[in-house]
Number of protein chains: 2
Amino acid sequence: MLGLPPITVMSAFLVIPRADHDQLVIHAYQARGFTATEAAEGAKLAAEAARHGIRTHHALKALHLDDLFGSAVGGCVPGAEIEILPSRFAASERWNANRKLGQSVAYRAIDRAIELADQFGIAQIAVDNAFHYLWGGGYVMEAAERGYFAYTNCTSALAEVVPFGGKFPTLGTNPHSWGIPRAQTGDFPIVIDWATSTVAMGRVQALKREGKSLPPGAAVDAHGQPTTDPALVASLLPFGGHKGYGLSLLNEIFGGLIGGSLPTLRGRQLAIPGEKNTPVFYFQVIHPEALSGGNFACSRNQSDNLAAVIADILGHGNAAAMLPGQLEAAARQRSDAAGGLLFTAPEIAEFNDLAADLGLPAWDPATLAKVPLE
Amino acid sequence: MLGLPPITVMSAFLVIPRADHDQLVIHAYQARGFTATEAAEGAKLAAEAARHGIRTHHALKALHLDDLFGSAVGGCVPGAEIEILPSRFAASERWNANRKLGQSVAYRAIDRAIELADQFGIAQIAVDNAFHYLWGGGYVMEAAERGYFAYTNCTSALAEVVPFGGKFPTLGTNPHSWGIPRAQTGDFPIVIDWATSTVAMGRVQALKREGKSLPPGAAVDAHGQPTTDPALVASLLPFGGHKGYGLSLLNEIFGGLIGGSLPTLRGRQLAIPGEKNTPVFYFQVIHPEALSGGNFACSRNQSDNLAAVIADILGHGNAAAMLPGQLEAAARQRSDAAGGLLFTAPEIAEFNDLAADLGLPAWDPATLAKVPLE
């Protein structure tokens, strides 16, 4: 053992107390002109993403996106007010977000959809002129923790995905997120949450750095021809062929109906006068009692019946199968047990760059608690 | 040319006038004890499936399913009445279908959900104790033709699909269907409609007959190991890995919340007292106006905006990409141009067997109009 190098910081996650994380992130948002409430909502979503192991959508990504597409260039407008348009439909609302911070809009939409679902059993909020909301799974997870079945989709900023059978990227990576409550049986919420592209563009770049190939059917080159070489990748393909393509199309259809403009213009500088380049959000909440036929086998109640169905699916030798949301629930347990949010040393270094820009003290890796990397 | 054999019946579709088709199918349903209304609704869905080229879900499949799982064994109850349970949620209804013919239940659910969506913008009908509804795409297509955005899913009769990461089939092939209206711009409805298994069990049997292999990742053998040999296939896999698995799970979650019992018992003889073996249906209808932010680029209206979005997606050299529902729309044009429903000679022979059983005259292939096979 003596010949081995000492354990370096890279081999562990460093633990940042949530209050410290939130203070820095709130500062960063406020320095960009966001209100205290917006900053707190942005920090909340970022903290929840980190807490649940969503390493691609925590604070560093959120602030990076704001630099690229957000408050720095007008895609996001600090302090913007949500305009609730009149609706003749009692269970539906139409919002003009006026490019307000996506996290603030999404948390409010979930709150309002829950209020409406309490009354109508199902409710929807359609949001035009949105900005990025980062992690759709976070909002439906919150609704699920409050006892509701929730769904959201959005149109992604850039068209990077080629329609099935086509050659040119005209679709966003267009994610879908569903959250299903299971608190009454003491279980973590099921959260089904993924983009409709086979892989993310960030994953392609990672494979390129690592000298690895993509799986077949994940991407095409500049000529629209399939490639597994990350260096040649120009665009992504939808997962699951025509089926994933249909799911990606669905977000564009919501976009078209809500008020999004041409997907190939979205998130880009507008070259065509009169067009729009903002994404849309769609939220839906269902009250589980509105679904219940009230006649569950073996006198089970609704929650116990769902638990019995899930146990059957994961039984019969299927113990190796996981539920969507299981990894997130495990990451959350790990974070909570560690007493904070887990980041890698390079992430801490990035946070410290941010702190330096804001004139705040750096986090000292030497003094931070550590937990082993998974 | 003289040396070529004459064109055989196999090389063409035979055209059955819709009235003749409906008469036979209605007769078949009524002979099984279904009411005149149920028989007409069963014939309507079967005719629409055939008209739209859905060769896997037309009358022969419907009647075959009824033999295997339906009125012959108590899975479907002719003349059953739908019981509408009290709901405290104004935009939601909960129905006990009492195993009524699935097509009758589904058409009524779409009608009622449209009425509710007119009032609330969005509406849902949850149906417990259902029977097979055959072709989910048919119901959402009808809603779309009437101007509504519709969605349905159901739990499939048999658990044939292995959860991602598992070994044993505990999930149905669990389809999802979305219909999107486009009549205002003179376009066919977009209909996204597929099972969440990579392939159907019927396709595996066809590949076996043809001596062909399955695509990788589509199925497993009796030991839960991946196989591409159709002769070794014991169970199917979800499409798109964990993503399709999540979508399949979603139907089971609706099932668990509505009142379905253990997926591995569904559609089978009940060995466990007190359990249920009936599938569930879920229907949702959205009024498109409830989604509109009213602020479309270039002064477009909502329909024109959706058309512009779709044109952008299929533009840029993507002409070879198709819209979901395009093949069905082409088949419908072909059927309507031919003046009836198109069947192959073996299908006509099966219909004639059915007619003989019912004491009805056979259709004479020699006298039927023909159109070339696609």
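These numbers were taken from a predicted model, which means no experiment stands behind them.

**Q** Can you walk me through the overall build of chain A in this structure?
**A** Looking only at helices and strands, one finds 10 helices and 13 strands in chain A. For 374 residues, the compact-globule estimate of 2.2 N^0.38 gives 21 Å, and the C-alpha radius of gyration of chain A, at 22 Å, lies within 12% of that figure. Overall, the C-alpha framework of chain A stretches about 65 × 60 × 45 Å when taken along its three principal axes. Relative to its full complement of 374 residues, chain A shows a buried share of 58%. Considering only residue pairs separated by 6 or more positions, chain A has 67% of its internal contacts joining residues 24 or more positions apart. As presented, chain A carries roughly 14,500 Å² of accessible surface, and 57% of it is formed by carbon and sulfur atoms. Treating the 27 positive side-chain charges of chain A as one cloud and the 35 negative ones as another, the clouds have centres 4 Å apart.

**Q** Mind showing me how you'd approach the interface of chain A and chain B here?
**A** The accessible area lost on association of the parts is a frequent measure of interface size. Facing 95 residues of chain A, the contacting portion of chain B comprises 95 residues. Considering only the surface of chain A that becomes buried against chain B, Lys243, Leu257 and Leu291 of chain A emerge as the three largest contributors, covering 10% of it. In this structure, the connection of chain A to chain B is made through four salt bridges. Linking glutamate 275 of chain B and arginine 300 of chain A is a salt bridge whose minimum nitrogen-to-oxygen distance equals 2.9 Å. At the surface where chain A touches chain B, the tally comes to 41 residue pairs in polar contact (both at pLDDT 80 or more). Among the secondary structure elements, those contributing two or more residues to the side of chain A that touches chain B are strand S3 (92-96), helix H4 (102-120), strand S4 (122-128), strand S6 (176-180), strand S7 (190-194), helix H7 (242-258), strand S11 (281-286) and helix H8 (302-314) of chain A. Among the elements that make up the side of chain A that touches chain B, the one with the highest residue count is H7 of chain A (15 residues). Looking at the side of chain A that touches chain B residue by residue, the classes come out as 50 nonpolar, 32 polar and 13 charged.

**Q** Would you mind showing me how to read the domain arrangement of chain A here?
**A** Residues and elements named next belong to chain A. Domain annotation for chain A reports domain 1 (1-79 + 339-374) and domain 2 (84-197 + 238-268 + 276-335). For domain 1 and domain 2, the distance between their C-alpha centroids amounts to 25 Å. Tallying the contact residues gives 35 residues for domain 1 and 24 residues for domain 2. A buried area of about 2,500 Å², summed over both sides, lies between domain 1 and domain 2, and 61% of it is on carbon and sulfur atoms. Contact with domain 2 buries surface across domain 1, with Leu45, Arg51 and His52 losing the most and accounting together for 26% of the total. Between domain 1 and domain 2 we count three salt bridges in total. Counting the contacts that link domain 1 with domain 2 gives 15 residue pairs in polar contact (both at pLDDT 80 or more). At the level of secondary structure, the elements contributing two or more residues to the side of domain 1 that touches domain 2 comprise helix H2 (36-51), helix H3 (59-69) and strand S13 (370-372). The element best represented in the side of domain 1 that touches domain 2 is H2, accounting for 10 residues.

**Q** Explain unusual backbone geometry here, please?
**A** Across the chain, the bulk of peptide bonds are trans and the bulk of non-glycine residues have phi less than zero. Residue and element names in this part refer to chain A. The backbone phi angle of arginine 99 is positive, close to 65 degrees, even though this residue is not glycine. Take arginine 99: it is sitting in the loop between S3 and H4. Residue class for arginine 99 comes out partly exposed when judged on its relative accessible area of 28%.

**Q** Honestly, the relation of the copies chain A and chain B in this entry has me stumped. Any pointers?
**A** Applying a rotation about an axis and a shift along it to one chain copy brings it onto the other copy. Aligned on chain B, chain A shows an RMSD of 0.0 Å; the corresponding rotation is 180 degrees and the shift along the axis is 0.0 Å. This pairing of chains is accounted for by a two-fold axis. Within chain A, glycine 240 of chain A has its C-alpha nearest the rotation axis, a separation of 2.2 Å. Both copies present the same face, since 100% of the interface residues in chain A are matched by interface residues at the equivalent positions in chain B.

**Q** Is there a simple way to think about the sheet that holds strand S10 (residues 281-286) of chain B in this case?
**A** Think of a sheet as strands paired side by side through backbone hydrogen bonds, with each pair either parallel or antiparallel. Residues and elements named next belong to chain B. Taken in spatial order, the seven strands line up as S2-S3-S4-S10-S5-S6-S7 in an open sheet, and their pairing is mixed. For this open sheet the edge positions go to strand S2 (83-85) and strand S7 (190-194), each flanked by a neighbour on one side alone. Recorded for the sheet is a direction-independent mean angle of 15 degrees between the axes of neighbouring strands. Relative to strand S4 (residues 122-128), strand S3 (residues 92-96) is paired through five bridges, and the arrangement is parallel. Each residue of the ladder has a partner; that of asparagine 96, found in S4, is aspartate 128. The sheet strands contacting helix H5 (residues 136-145) are strand S5 (149-154), strand S6 (176-180) and S7, and the helix crosses S6 at an angle near 20 degrees.

**Q** Explain the packing of helix H1 (residues 18-31) of chain B against helix H2 (residues 36-51) of chain B to me, please; I cannot follow it from the model alone.
**A** Two quantities define a packed helix pair, namely the angle between the axes and the distance from one axis to the other. All names here are of chain B. Taken N-terminus to C-terminus, the directions of H1 and H2 make an angle of 135 degrees; their axes are 8 Å apart at the nearest point. Relative to H2, H1 is oriented oblique. The way H1 lies across H2 gives a crossing that is right-handed. In this structure, H1 contributes Arg18, His21, Asp22, Val25, Ile26, Tyr29 and Gln30 to the contact, and H2 contributes Ala36, Ala39, Ala40, Gly42, Ala43, Lys44, Ala46, Ala47, Glu48 and Arg51.

Calculation criteria
- Residues numbered from 1 in each chain as written.
- Chains lettered and ligands numbered in written order.
- Predicted model: local features only at pLDDT ≥ 70, side-chain atom pairs only at ≥ 80, totals over all residues.
- Heavy atoms only, no water.
- Helix = DSSP H or I, 4+ residues; strand = E, 2+ residues; numbered from the N terminus.
- Rg over C-alpha atoms; globule rule 2.2 N^0.38 Å.
- Buried < 20%, exposed > 50% of the residue type's maximum accessible area, 1.4 Å probe, protein only.
- Contact = heavy atoms within 4.5 Å.
- Areas by Shrake-Rupley, 256 points an atom, 1.4 Å probe, with all protein chains shown as cover.
- Lys, Arg positive; Asp, Glu negative; His and termini not counted.
- Charge placed at Lys NZ, Arg CZ, Asp CG, Glu CD.
- Buried area = accessible area lost by both parts, 1.4 Å probe.
- Salt bridge = Lys/Arg side-chain N within 4 Å of Asp/Glu carboxyl O.
- Polar contact = N/O pair within 3.5 Å; in protein donor to acceptor, adjacent residues only side chain to side chain.
- Nonpolar A, V, L, I, M, F, W, Y, C, P; charged D, E, K, R; others polar.
- Domains from an automatic or database assignment.
- Least-squares fit on C-alpha atoms with pLDDT ≥ 70 in both.
- Pairing = 2+ DSSP bridges.
- Axes fitted to C-alpha atoms, helices over the stretch in contact; angles between N-to-C directions.
- Parallel < 35°, antiparallel > 145°, perpendicular 65-115°, else oblique.
- Left-handed = near helix turned anticlockwise from the far one by under 90°.

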